[in-house]
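Reading the structure
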Amino acid sequence: MKISSGFLAVLICVMLNACGNTNQINGKTMKTAHKSVAFIKEHLPANQRVEFEVAYWGLRNQIKDDAEFLKTINNKTSLDIIELGKASFTKSKAAGVVEVAGYDNWDQMIAKQIEQRTEQDRSAVDSKDKKGYPSVDYKMHAM
């Protein structure tokens, strides 16, 4: 029996929706939360990924207790997490937390994070991986 790719896509979508809303974090366990966050982040537009990730991990650093953290993020969308992150930033800024003291506002902090990640991406190129090297192809023979 041959299954079409369209049918498979619909089946996967139905299965994901049956397990919960795919754009919300499943905060039942840390494992399900991390899976939800990875899925959400992968499907976000590029301009929201960093903001979502910074907000999520900022909340995690602020809320150390697993149960309280899971309760806070359960059924939250990416926009909800970003809003919680902004509120947390504002509270931390007012409290004089060192990590955020150097930033005037949330947008400045996100812009700096994006700049740092862009710089890391540029420097991540392996210096040994230069054009002109011969390629190494392996020919697999049946034994």
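Our structure is the block above this text.
Residues numbered from 1 in each chain as written. Predicted model: local features only at pLDDT ≥ 70, side-chain atom pairs only at ≥ 80, totals over all residues. Heavy atoms only, no water.

1. Structural notes on the nonpolar core
For the record, the criterion: Throughout this description, the term nonpolar core refers to a set of buried Ala, Val, Leu, Ile, Met, Phe, Trp, Tyr and Cys residues connected via side-chain atoms within 4.5 Å. Here's how the labels work: a residue is buried when its accessible area is under 20% of the maximum for its type, exposed when over 50%, partly exposed in between, all with a 1.4 Å probe on protein chains only. Under the scheme used here, helices are H or I runs from DSSP no shorter than 4 residues and strands are E runs no shorter than 2 residues, and both carry numbers assigned from the N terminus. Between two residues, a contact is recorded if the distance between any of their heavy atoms is within 4.5 Å.
Counting residues in each nonpolar core, the largest one holds 24 residues, and the members touching the most others are Ile25, Phe52, Ile73 and Ile81. At the level of secondary structure, the elements contributing two or more residues to this core comprise helix 2 (30-42), helix 3 (46-62), helix 4 (66-73), helix 5 (78-95) and helix 7 (106-123). Leaving out residues up to four positions away in the same chain, Ile81 has contacts with Ile25, Phe52, Ala55, Tyr56, Leu59, Ile73 and Lys76.

2. Structural notes on the packing of helix 3 against helix 5
Basically, it comes down to this: Every axis in this analysis is a line fitted to C-alpha atoms, fitted for helices over the stretch in contact. Angles between the N-to-C directions lie between 0 and 180 degrees. By definition in this entry, angles of less than 35 degrees are roughly parallel, angles greater than 145 are roughly antiparallel, angles of 65 to 115 are roughly perpendicular, and the rest are oblique. Helix crossings get a hand from a simple test, with the near helix turned counterclockwise from the far one by less than a right angle marking a left-handed crossing and a clockwise turn marking a right-handed one.
Packing of helix 3 against helix 5 leaves a shortest axis separation of 8 Å and a crossing angle of 60°. Taken together, the axes of helix 3 and helix 5 lie oblique to each other. By crossing handedness, the relation of helix 3 to helix 5 is classed as left-handed. Facing Gln48, Glu51, Phe52, Ala55, Tyr56, Leu59 and Gln62 of helix 3, the residues of helix 5 in contact are Ser78, Leu79, Ile81, Ile82, Leu84, Gly85, Lys86, Ser88 and Lys91.

3. Re the pattern of salt bridges
It is possible for side chains bearing opposite charge to pair when their charged atoms get close. Filter applied, for reference: By definition here, a salt bridge exists when the distance from a side-chain nitrogen of Lys or Arg to a carboxyl oxygen of Asp or Glu is within 4 Å.
Per the stated rule, a full pass over the model turns up five salt bridges. Among the salt bridges present, the one from Glu53 reaches Lys41, with a minimum N-O distance of 3.3 Å. Here the residue Glu53 occupies a position in helix 3, and Lys41 occupies one in helix 2, the gap between them amounting to 12 residues. Among the ionic pairs, Lys112 bridges to Glu115, the shortest N-O distance being 3.8 Å. With a gap of three residues between them, Lys112 and Glu115 both fall in helix 7, about one helical turn apart. Residue classification places Glu115 among the partly exposed residues on the basis of a relative accessible area of 49%. Here the salt bridges do not stand alone but share partners, grouping Lys41, Glu53 and Arg117 into one network.

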